[in-house]
Amino acid sequence: MIPAIEKDSLEEIKIFQEKKLSELLEYISQNSPFYKRLFAGQNIDISKIKTLEDLQYLPVTTKEDLQQYNDDFVCVPQNKIIDYASTSGTLGDPVTFGLTDSDLDRLAYNEAISFACAGIAEGDVVQLMTTIDRKFMAGLAYFLGLRKLKVGVIRVGAGIPEMQWDSILKYNPNYLITVPSFLLKLIEYAEIHGIDYNNSSIKGAICIGESLRDQDFSMNTLSKKITDKWNIKLFSTYASTEMSTAFTECEHGNGGHHHPELIIVEVLDENNLPVQDGETGELTFTTLGIEAMPLLRFKTGDIVQLHNEPCACGRNTLRVGPVIGRKKQMIKYKGTTLYPPAMNDVLSGFDNIENHIIEISTNDLGTDEIVIKIAVKNQTPEFLQEIKDHFRAKLRVTPKIEFASKETLNPMVFNPMSRKPIRFFDYRA
């Protein structure tokens with residue numbers, strides 16, 4: 001199930017997107033109070049925006065804009081809103097998104113072609129190990145997409161390894177949709193309770209919320225720890241509530257595939273200009289086909305690299321590489337630029353570590369200070385030194401590392417109000 005547009009030439013894809021961009025600009029200039037005001041205030045003539053390259057002449061939209069003017073982004077009467085979703089608020093206050101009936105159809109289409117990209121097909125059964133309530137768009141999107149694919153869905157929800165295994169052994173799903181670190185808990189439970197997980201029905205997992213790969217697409221420490229024990233295929237998917245679109249890996253694992261009928265993608269530098277091919281920058285997108293709350297040049301805060309070579313799967317669309325880090329979470333430490341995912345990956349390599357958090361603050365000199373708190377099975381000075389040596393070898397710097405109890409860290413990491421583990425706490429002024 002590969003949409004025809006994704007096999008078209010890059011020139012055909014560009015022409016298609018430029019037509020859709022013109023339609024979007026016309027739509028928001030007539031229906032969005034926010035963009036009407038923005039275009040008038042900056043004397044923007046949308047008729048002059050003809051090509052994708054012309055996007056750089058338009059202003060960007062930020063998370064702060066959404067937080068401050070949330071209702072002004074809505075382009076339809078309230079009675080057309082069928083579903084209300086909200087963002088996770090990872091880098092600020094949550095934002096509410098309304099979806100029309102048409103938007104829900106688009107969401108289902110997006111997830112259907114994304115799951116198909118990972119090899120899920122009619123006749124499969126998928127265990128959904130994420131919440132579908134609490135205004136969580138992703139859980140609803142997964143269900144709608146799987147239903148469109150005519151795939152069976154087991155809506156178990158998040159957590160509780162015993163309940164997950166009971167369901168797996170009873171219904172024999174082929175795939176799981178989960179946060180990847182939870183797979184380690186499933187493995188641990190299976191080993192304690194004598195479950196032969198490598199002879200279970202599971203052949204793959206669609207992984208959300210945490211990275212599986214390094215920048216060269218090789219498996220990172222977390223995914224290696226999973227697949228060294230459990231012989232299943234892991235697929236990374238990247239999405240957000242704001243874009244209502246997913247970038248999901250195919251079987252070749254070379255980045256999340258772009259769906260050009262749904263979204264225009266840019267990677268921008270500090271001046272909101274496109275970076276050169278192969279360079280990293282902030283992922284910025286323009287949504288296509290959204291009725292209630294379309295967005296123009298929305299800056300995600302995620303630092304990524306795009307890949308433009310055709311994929312062996314037959315798609316000619318660009319691919320988004322693993323997220324290097326969040327722009328607002330960038331740390332300058334002893335002359336080195338760090339992002340939390342790199343530190344998470346170092347810590348994931350130690351079986352003795354049961355949980356961890358990373359705390360960033362501003363010290364008396366006005367520079368960034370890092371404290372990593374770890375809960376371990378066996379506390380020794382030698383183990384602490386081993387971690388510090390590993391940091392020095394991998395990242396060239398050694399942050400301050402402290403032991404903490406699992407009882408202290410677990411409620412912070414697995415906050416019931418959050419949809420994914422929280423391991424980064426930023427206390428900088």
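Below is a short write-up of the structure. (Residues numbered from 1 in each chain as written. Predicted model: local features only at pLDDT ≥ 70, side-chain atom pairs only at ≥ 80, totals over all residues. Heavy atoms only, no water.)

### Observations concerning the overall build of the protein
Of regular secondary structure, the protein possesses 11 helices and 20 strands. Dimensions of the protein, computed from C-alpha atoms along their principal axes, come out at roughly 65 × 60 × 40 Å. Pairs at least 24 apart in sequence give 67% of the contacts found in the protein among residues at least 6 apart. Roughly 19600 Å² of accessible area belongs to the protein as shown, and the carbon and sulfur atoms make up 49% of that amount. Counting 46 positive and 58 negative side-chain charges, the protein places the averaged centre of each group 1 Å from the other. (Helix = DSSP H or I, 4+ residues; strand = E, 2+ residues; numbered from the N terminus. Contact = heavy atoms within 4.5 Å. Areas by Shrake-Rupley, 256 points an atom, 1.4 Å probe, with all protein chains shown as cover. Lys, Arg positive; Asp, Glu negative; His and termini not counted. Charge placed at Lys NZ, Arg CZ, Asp CG, Glu CD.)

### Observations regarding the packing of helix α9 (residues 340-348) against helix α10 (residues 381-395)
Taken N-terminus to C-terminus, the directions of α9 and α10 make an angle of 135°; their axes are 10 Å apart at the nearest point. Put simply, α9 runs oblique to α10. Judged by the sense of rotation from one axis to the other, the crossing of α9 with α10 is right-handed. For the pair formed by α9 and α10, the contact residues are Ala-342, Met-343, Val-346 and Leu-347 on the first element and Ile-387, His-390, Phe-391, Lys-394 and Leu-395 on the second. Considering only residue class, the contact of α9 with α10 consists of 7 nonpolar, 1 polar and 1 charged. (Axes fitted to C-alpha atoms, helices over the stretch in contact; angles between N-to-C directions. Parallel < 35°, antiparallel > 145°, perpendicular 65-115°, else oblique. Left-handed = near helix turned anticlockwise from the far one by under 90°. Nonpolar A, V, L, I, M, F, W, Y, C, P; charged D, E, K, R; others polar.)

### A look at the pairing of strand β19 (residues 400-403)
In regular strands, side chains alternate between the two faces of the sheet. When strand β18 (residues 368-376) meets β19, the two strands line up parallel, connected through 4 bridges. Paired with Val-371 across the two strands is Lys-400, which belongs to β19. A crossover connection joins β18 to the parallel β19 through α10; in handedness this β-α-β unit is right-handed. (Pairing = 2+ DSSP bridges. Right-handed = clockwise from strand over helix to strand, strands pointing away.)

### With respect to the nonpolar core
In this structure, Leu-25, Tyr-35, Phe-39, Leu-66, Leu-295 and Leu-296 are the most contacted members of the largest nonpolar core, which totals 39 residues. Going through the elements one at a time, α1 (10-31), α2 (33-41), β10 (263-268), β11 (280-287) and β12 (298-307) are the ones with two or more residues in this core. Leave out the neighbours within four places in its chain, and Tyr-35 touches Ile-28, Thr-61, Phe-73, Pro-294, Leu-295 and Leu-296. Listed in part, the 22 residues of the second largest apolar core include Tyr-333, Leu-338, Val-376 and Phe-391. (Core = buried A, V, L, I, M, F, W, Y, C linked by side-chain atoms within 4.5 Å. Buried < 20%, exposed > 50% of the residue type's maximum accessible area, 1.4 Å probe, protein only.)

### Focus on the sheet that holds strand β17 (residues 353-362)
Here we have 4 strands laid out as an open sheet, ordered β19-β18-β17-β20, and mixed in their pairing. Every other strand in the sheet has two partners, leaving β19 and β20 (424-426) as the edge strands with one partner each. Adjacent strand axes in the sheet meet at a mean angle of 20° when their direction is disregarded. Bridge count for β17 against β20 is 3 bridges, and the pairing is parallel. Residue pairing for β20: Ile-360 is matched across the bridge by Asp-426. The strands touched by α9 within the sheet are β17, β18 and β20, with β17 carrying the most contacts at an inclination of about 150°. Across the sheet, helix α11 (residues 406-413) is in contact with β17, β18 and β20; its angle to β17 comes to roughly 70°.

### Some remarks on helix α6 (residues 161-171)
Among all positions of α6, only Gln-164, Trp-165, Ser-167 and Ile-168 are buried. Take α6 and look down its axis: the buried residues cluster within an arc of 160°, on one side only. Structural note: α6 exposes Leu-169 and Lys-170 on the side pointing more than 90 degrees away from its buried face. Elements in contact with the buried residues of α6: β3 (125-128), β4 (152-155), β5 (175-178) and α7 (180-192). (Arc of directions from axis to C-beta.)

### Some words on the side chain of Glu-111
Mapped onto the fold, Glu-111 is located in helix α4 (residues 101-117). Among buried Asp, Glu, Lys and Arg side chains, Glu-111 stands out as unpaired, with Arg-106 the closest opposite charge at 8.8 Å. Those residues within four positions of Glu-111 in sequence are excluded, and the remaining contacts are Ala-141, Tyr-142, Gly-145 and Ala-246. (Salt bridge = Lys/Arg side-chain N within 4 Å of Asp/Glu carboxyl O.)

### Thoughts on the pairing of β18
Most of β18 sits out of view: 7 of its 9 residues are buried. The pairing of β17 with β18 spans 9 bridges and is antiparallel. Bridge pairing links Asn-355 to Ala-375 in β18. With antiparallel pairing between neighbouring strands as the criterion, β17 and β18 make up a hairpin whose turn holds 5 residues, including Gly-366 at a positive phi of roughly 85°.

### A few points about the environment of Gln-30
Checked against the element boundaries, Gln-30 lands in helix α1. Distance in space between the C-alpha atoms of Gln-30 and Cys-75 is 8.6 Å, their sequence separation being 45 residues.

### What to know about the packing of aromatic side chains
Going through the model one piece at a time under the given rule, you end up with 11 aromatic pairs. Between Phe-34 and Phe-73, the aromatic rings sit 4.2 Å apart at their centres with planes inclined by 20°, giving stacked as the arrangement. Here Phe-73 lies in the loop between α3 (63-68) and β1 (83-86) and Phe-34 lies in helix α2, a separation of 39 residues in the sequence. Given a relative accessible area of 7%, Phe-34 falls into the buried group. Residue Phe-73 is classed as buried on the basis of its relative accessible area, which comes to 0%. Through successive ring pairs, a cluster of aromatic residues spans Phe-34, Tyr-35, Phe-39, Tyr-69 and Phe-73. The side chain of Arg-37 reaches across the aromatic face of Tyr-69, ending 5.2 Å from its centre. The ring centre of Phe-143 lies 5.9 Å from the NZ or CZ of Arg-155, which sits over that ring. (Phe/Tyr/Trp six-rings, centres within 6.5 Å; stacked < 30°, edge-to-face > 60°. Lys NZ or Arg CZ within 6 Å of the ring centre and 35° of its normal.)

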